[in-house]
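# Structure assessment
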Amino acid sequence: MSNPFPWAKVILTTFGFMGSGYLIMKATTPTPEQTYASMAPDLRRKVDANRAARLAREQGTQQQANAQLNDPDAQKPIWADAPRS
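Residues numbered from 1 in each chain as written. Predicted model: local features only at pLDDT ≥ 70, side-chain atom pairs only at ≥ 80, totals over all residues. Heavy atoms only, no water.

One pass over the structure, following the stated rule, counts two salt bridges. In this structure, Asp48 and Arg51 form a salt bridge, with 3.8 Å as the shortest nitrogen-oxygen distance. Of the two residues, Asp48 and Arg51 both sit in helix α3 (residues 41–70), three residues apart, roughly one turn of that helix. In this structure Asp48 comes out as partly exposed when scored by relative accessible area, which is 35%. Arg51 sits in the partly exposed class, given a relative accessible area of 39%. (Salt bridge = Lys/Arg side-chain N within 4 Å of Asp/Glu carboxyl O. Helix = DSSP H or I, 4+ residues; strand = E, 2+ residues; numbered from the N terminus. Buried < 20%, exposed > 50% of the residue type's maximum accessible area, 1.4 Å probe, protein only.)

Below you can see the structure in the form of structure tokens.
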């Protein structure tokens, strides 16, 4: 009679490998703050400029969304408007 396949051992070994990989990744990957601190000053300026531009775009989008939410005409569907000529 043949021995059954050792599923429990395979499963435990697989989880052991995955857990080890995860721990190595967490130990060696720098945080965003560490990455930013290790950048050259000219790269930091570019990152800061991109961040400011992104925040400005997000603020403009948020203002537009708030204006649309507060618009009384926004409650009716767009096809309910009279045709424009």
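Glancing now at the packing of aromatic side chains. The full count for this structure, using the stated rule, is one aromatic pair. Relative to Trp7, the ring of Phe5 lies with its centre 4.9 Å away and its plane at 65 degrees, an arrangement referred to as edge-to-face. The ring of Tyr36 has Arg44 sitting right over it, with the charged end atom 5.8 Å from the ring centre. (Phe/Tyr/Trp six-rings, centres within 6.5 Å; stacked < 30°, edge-to-face > 60°. Lys NZ or Arg CZ within 6 Å of the ring centre and 35° of its normal.)

Let's shift gears to helix α1 (residues 7–28). Counted at 1.5 Å a residue, the expected span for α1 with its 22 residues is 32 Å, and the 32 Å between its end C-alpha atoms agrees. Counting buried positions along α1 yields zero of 22 residues, so the element is predominantly exposed. (Expected span 1.5 Å × (residues − 1).)

To continue, consider the confidence of the model for the protein. On average, residues of the protein score 88 in pLDDT, and 82% of them reach the 70 mark or higher. Between the elements of the protein, mean pLDDT differs from a low of 92, seen in α3, to a high of 97, seen in α1. (pLDDT = per-residue confidence, 0-100.)

On the surface, Phe5, Trp7, Val10, Ile11, Phe15 and Met18 cluster together into a nonpolar patch covering about 660 Å² of accessible area. By the secondary structure assignment, Val10 is in helix α1. (Patch = residues over 30% accessible without salt bridge, like charges linked within 9 Å, V, L, I, M, F, W, Y side chains within 5 Å. Areas by Shrake-Rupley, 256 points an atom, 1.4 Å probe, with all protein chains shown as cover.)

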